[in-house]
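# Residue-level structure breakdown
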Amino acid sequence: KLLNYLSKSNKMSENQIYSYILDYIVEKYNIKYGFILVEKNDEMFVKYEKRYSEKVKSYNDPINMNYIHSLSHKTIRYVARTEKDVIIKGNSNMNFLRNGLHPLESGDTSIICIPIKHYDILTGIIYLETSNAIEIDENISDIIKWLASSIPQKVKECNKKDSKKNDTILTARETQIMSLINMGMSNIMISEKLFISVGTVRNHLSKIYSKLQVDNRVQAIIKAKEKNII
């Protein structure tokens, strides 16, 4: 069922792909609840939420994870910072993440937290939480990691036809700035490199974001690479 769906996912919207995969994981493996978070301006926001036996909730305006107390914020920050998979269960060597946290401090909760990356750039996180009574074996975690890695490609495929219809044209200066952003330069560094003010850099970025239909640097880099701009 899952493979059949993914093979046809280029006909689905990005929202449907994320919702279906989260729904599949939670129901298939009896997960208490799961979240898919997206990166925005260096912070993580909940975009999709799913509790067992309930429908997936999709938020048009993603919620800052700090306002959702049922999440292990420390675990999510660790994954966002290191971009490493985290599986906490029983005598896990990741138990240092339990200290002073709810709900981990009780010791009766297992967590799977997997980064979602595109072009080797962190774009989001899959966060799953369940009772220790539910066995989390390597097979389950490997499947979830495979799903996390497949999401960006499937989203790219489903948006491919739209990118052909809406070719984005950046000016020479905007393309130059995108290349510098891709090199990891800050606005100040770009202004010094190009001998323009920081305000001018911000204005160019605003136009770039509008043309690419994104709202942060990470998304801009990904979209620019997909359109072969950089």
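See above for the structure.
Let me begin by describing the structure that accompanies this report. (Residues numbered from 1 in each chain as written. Predicted model: local features only at pLDDT ≥ 70, side-chain atom pairs only at ≥ 80, totals over all residues. Heavy atoms only, no water.)

It is worth spelling out the sheet that holds strand S3 (residues 57-64) at this point. Taken in spatial order, the six strands make up an open sheet running S3-S2-S1-S6-S5-S4, and their pairing is antiparallel. One side of each edge strand has no neighbouring strand; the edge strands of this open sheet are S3 and strand S4 (86-88). Averaged over neighbouring strand pairs, the angle between their axes works out to 20 degrees when direction is ignored. Here strand S1 (residues 33-40) runs beside strand S2 (residues 43-51); their pairing, made up of eight bridges, is antiparallel. Among the inter-strand pairings, Phe35 is bridged to a residue of S2, identified as Glu49. Contacting S1, S2, S4, strand S5 (109-118) and strand S6 (121-131), helix H3 (residues 73-82) crosses the sheet at an angle of about 30 degrees to S5. (Pairing = 2+ DSSP bridges. Helix = DSSP H or I, 4+ residues; strand = E, 2+ residues; numbered from the N terminus. Axes fitted to C-alpha atoms, helices over the stretch in contact; angles between N-to-C directions. Contact = heavy atoms within 4.5 Å.)

A separate point is unusual backbone geometry. Unusually for a residue other than glycine, Asn30 sits at a positive phi of about 55 degrees. Among the residues examined, Asn30 registers a relative accessible area of 38% and is labelled partly exposed. Even without being glycine, Phe195 reaches a positive phi, approximately 60 degrees. Mapped onto the elements, Phe195 comes out in the loop between helix H7 (187-194) and helix H8 (198-212). You can call Phe195 exposed: its relative accessible area is 77%. (Buried < 20%, exposed > 50% of the residue type's maximum accessible area, 1.4 Å probe, protein only.)

Don't take any of this as a statement about function, it's just geometry.
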